[in-house]
Amino acid sequence: MREIYLDYAAATPVAEEVERVMLPFMKKDFGNPGSLNSFGFRARDAVEHARATIAKIMNAKKTEIIFTGSGTESVNGAILGVMRANKQRGNHVITSSIEHHAVLEACKYLEKYEGVKVTYLPVSKEGLVNSNDVEAAITKETVLISIMYANNEIGTIQDIKKISERAKKHNVLVHTDACQAGVLDIDVQKMGVDLLTLNASKMYGPKGIGLLYKRTGIGLHPIVHGGGQEQGFRSGTENVPAIVGFAKALELVQQEKEKEKRKLEKLRDKLIEGILKKVKGSAVNGHMTQRLPNNVSITFENVDEEALLVMLNEKGICAATGSACTSLRKGPSHVLKAIGKTSERNAAIRFTLGKFTTEDDVLSVLKVVPQIVEKLRH
C-alpha cells in the first residue's frame, strides 16, 4: 500500500541538498566551535556563514540571529527573556487565543509565577486577529505583543505588519511565531517585528534546531545559562550540522517559494473544493484565501475524529487532527474553540501538503474520504 503523507505542518523530510551540506560536520569537520584549533575554527566558520545566510534572507544583521534548540525554545526565550529584562517598563503581555502552546504556556507561566498580566485576544470565525483589538488592549504597562504569523492548525495568516504598526505607536515590542511561514515573506524590516521565531523542521531541514531573531538594542534575559554561546543568550555547544542544514533549508525554500506556492495553492484548492462538493456536512476551518498555501483544515459533522484519522491511516493517508504537539490532548483544540467550532461530535482533520504532494495524491484522498465519512456516519 502506497502511503500518502499529508502532515507537512508537523514535520518535513530533510531535503537531499540539506543532508549533503550537513554530513561533513557530522564526520569530518566535527569540532566544537568553541575550540581553539583547526577543527573548531572550521566549525565556527560554518556556524557564522550559516548565520550570515539566514540574516541576509531575513533582512537582518548577523548579530540579530540567535540559534536555539527548537521553535519552542525560541518562543520561550523571546517571551520570558523580554519580560524579565524589561520589568521596569511594565508587566503586561498581549497575545491571541489561537497561539501555539509554546506561547500560551509561556504566558501562563508568567501569570502564575512572575505576576505578569496577559490579555488573550479573541479572533474572528476565520481565525483573524483584529489590529484594532490589539491596539485597544495596549496599556501603559504593556511590554510585548506576541501574535503568530500563520496558524499551524487552520492555516490563517495574520497581518503582522499592521499589528506592528499599531504597536510602534505605543512603543510596544512585537514577537511573531513564524514557524509555519517558511514559504511566506520573512523580511523582518517589512514586517516591523522586534522578535521572530523560526524552526527548520517545517521547511525540509533537520529537527532540533530553531532560531530567534532579536532586533538590536532589545533587552533579553537568557533562559539557558552556561558557557555563554550565542552572545550569551543561549548557552550550550552549537549544533553545527543542524545550523548548517537550517541555513540551506531556508535558502532553498525562499528561492523556490513562488513556484512552490503556486503549485500548493492549486492542489490545496482542488482538495478543498472536492471535499466540500463530495461530503455533505463538511466545512473549511480558517480563512478561505488568507491562509497558508498548503493548509486544508476541514470539519466533518457527526463523525468521530479519532476513528476518521485511524481509518484514513489504514488507507495509507497520513493526516492529523491539529498540532502534533497537542495530539494527546482530548476534546476540541483551543484553536477550534476560539473560532466557534466546539462540538465534540464533529471531526476536524488537517491535511497539509508539501513538496512531494501530487495531483494523484489529492485525487486518492477525494476518493477515500467520502467513503470513510459515509461509513462512520452509518
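Below is a short write-up of the structure. The residue count restarts for each chain, going from 1 along the sequence in the order it is written. Note on the predicted model: pLDDT of at least 70 is required for a residue's local features to be given, and 80 or more for side-chain atom pairs to be given and counted; whole-chain, interface and lining totals, by contrast, use all residues. Water and hydrogen atoms were dropped before computing side-chain values, which therefore reflect all heavy atoms in the structure.

Let us now look at the overall build of the chain. A run of H or I in DSSP counts as a helix once it spans at least four residues, and a run of E counts as a strand once it spans at least two, with each numbered from the N terminus. Within the chain one finds 12 helices and 12 strands. The globule rule puts the C-alpha radius of gyration for 378 residues at 21 Å, and the 21 Å found for the chain is close to it. Structurally, the chain occupies a C-alpha span of about 65 × 55 × 35 Å along its principal axes. Each residue gets one of three labels from its accessible area relative to the maximum for its type: buried under 20%, exposed over 50%, partly exposed in between, using a 1.4 Å probe on protein chains only. Per-residue burial over the chain gives 56% buried out of 378 residues. Working rule for contacts: check all heavy atoms of both residues, and any pair within 4.5 Å makes them a contact. For the chain, the share of sequence-separated contacts (at least 6 apart) that also reach a separation of at least 24 residues comes to 76%. For the chain, the accessible surface area stands at approximately 16,900 Å², while carbon and sulfur atoms represent 51% of it. If the 53 positive side-chain charges of the chain are averaged to one point and the 44 negative ones to another, these points end up 1 Å apart. The globule rule used for comparison is 2.2 Å times the number of residues to the exponent 0.38, while the radius of gyration itself is calculated over C-alpha atoms. Surface accessibility in these figures is a Shrake-Rupley result with a 1.4 Å probe; residues are shielded only by whichever protein chains are displayed. Residues counted as positive are Lys and Arg, residues counted as negative are Asp and Glu, and His and the chain ends are not counted. Every charge is mapped onto a representative atom, which is NZ of Lys, CZ of Arg, CG of Asp or CD of Glu.

Bringing helix 9 (residues 240–278) into the picture now. Between the first and last residue of a helix there are one fewer steps than residues, each counted as 1.5 Å, and that sum is the expected span. An ideal rise of 1.5 Å per residue puts 57 Å on 39 residues; helix 9 reaches only 49 Å between its terminal C-alpha atoms. What is called the bend at a residue is the angle between a pair of axes, fitted to the seven residues leading up to and ending at it and to the seven starting from it. At K257, helix 9 shows its largest bend, some 65 degrees.

Of all five residues making up strand 5 (residues 142–146), five are buried, and the element is well covered by its neighbours. Looking at chain direction, strand 5 and strand 6 (residues 173–177) are connected through three bridges and run parallel. When the sheet's bridge partners are listed, L144 is paired in strand 6 with L173. Look down the strands so they point away from you; if going from the first strand over the helix to the second traces a clockwise path, that crossover is right-handed. Taking the sense of rotation as the criterion, the β-α-β connection linking strand 5, helix 7 (residues 160–168) and strand 6 turns out right-handed. For two strands to count as paired, DSSP must find a minimum of two bridges between them.

Turning our attention to the pattern of salt bridges. Whenever a carboxyl oxygen of Asp or Glu lies within 4 Å of a side-chain nitrogen of Lys or Arg, that contact is scored as a salt bridge. Enumeration according to the criterion identifies 19 salt bridges in this entry. A salt bridge links R350 to D7; the nearest nitrogen and oxygen atoms lie 3.0 Å apart. Linking R350 in strand 12 (residues 347–352) with D7 in the loop between strand 1 (4–5) and helix 1 (16–22), this pair joins segments that are 343 residues apart in sequence. The pair formed by R350 and D7 is uniform in burial state, with each residue classed as buried. Here the salt bridges share partners, and the residues they tie into one network are R44, E48, R51, K62, E230 and E238.

Now for helix 5 (residues 101–114). In this model, helix 5 (14 residues) spans 19 Å end to end at C-alpha, consistent with the 20 Å of a helix rising 1.5 Å per residue. Listed as buried for helix 5 are H101, A102, V103, L104, A106, C107 and L110. Close packing links the buried residues of helix 5 with helix 4 (71–85), strand 3 (92–96), strand 4 (117–121), strand 5 and helix 11 (334–338). One or two positions beyond helix 5, positive phi appears at G115, with a value near 70 degrees.

Quick look at the sheet that holds strand 4 now. Pairing between sheet strands relies on hydrogen bonds along the backbone, with the strands arranged either parallel or antiparallel. Spatially, seven strands are ordered 2-8-7-6-5-3-4 in an open sheet, and the strand pairing comes out mixed. Every interior strand has two partners, whereas the edge strands, strand 2 (65–68) and strand 4, have only one. Here the average twist between neighbouring strands, direction ignored, is 20 degrees. Two strands pair when backbone bridges link them, and strand 3 and strand 4 are joined in this way by five bridges, in the parallel orientation. Paired with S96 across the bridge in strand 4 is L121. Against the sheet, helix 3 (residues 38–58) touches strand 2, strand 7 (195–199) and strand 8 (210–214), its axis set at about 120 degrees to strand 2. Geometry is summarised by axes, namely lines fitted to C-alpha atoms with helices restricted to the contacting stretch, and by angles between N-to-C directions that run from 0 to 180 degrees.

Another aspect to go through is the pairing of strand 3. Most of strand 3 sits out of view: five of its five residues are buried. Going residue by residue along strand 3, you find H92, I94 and S96 tucked away on one face and V93 and T95 tucked away on the opposite face as well. At this point the chain moves from strand 3, through helix 5, to the parallel strand 4, and the crossover so formed is right-handed. Note that strand 3 and strand 5 share four bridges and pair parallel. Each bridged residue has a counterpart across the sheet, and for T95 the counterpart in strand 5 is S146.

This part is about the environment of R166. Looking at the element boundaries, R166 is found in helix 7. Sequence-wise, R166 and P293 are 127 residues apart; in three dimensions their C-alpha atoms are separated by 27 Å. For R166, the residues in contact, after removing those within four places along its chain, are S131, N132, E135 and I138.

Turning our eyes to something else, we now look at the sheet that holds strand 12. The strand order across the open sheet formed by three strands is 9-10-12, and the pairing between neighbours is antiparallel. Each edge of the sheet is formed by a strand with only one pairing partner; in this case those strands are strand 9 (282–284) and strand 12. The sheet shows a mean angle of 25 degrees between the axes of neighbouring strands, direction not considered. Judged from the three bridges that link them, strand 9 and strand 10 (residues 295–300) form a sheet pairing that is antiparallel. Its bridge partner lying in strand 10, S282 is registered against F300.

The next subject is the packing of aromatic side chains. Aromatic pairs are defined between Phe, Tyr and Trp rings, using the six-membered ring for Trp, whenever the two ring centres lie within 6.5 Å; interplanar angles under 30 degrees are classed as stacked, those over 60 as edge-to-face, and all others as tilted. According to the stated counting rule, one finds four aromatic pairs in the structure shown. With 4.9 Å between their ring centres and 40 degrees between their planes, Y109 and Y113 make a pair best called tilted. On the criterion of helical spacing, the pair formed by Y109 and Y113 is a turn pair, its members being four residues apart in helix 5. The class for Y109 is partly exposed, based on a relative accessible area of 37%. We count a charge as sitting over a ring when the NZ of a lysine or the CZ of an arginine lies within 6 Å of the ring centre and within 35 degrees of the ring normal. Across from the ring centre of Y204, 4.5 Å away, lies the NZ or CZ of K355, which sits over that ring.

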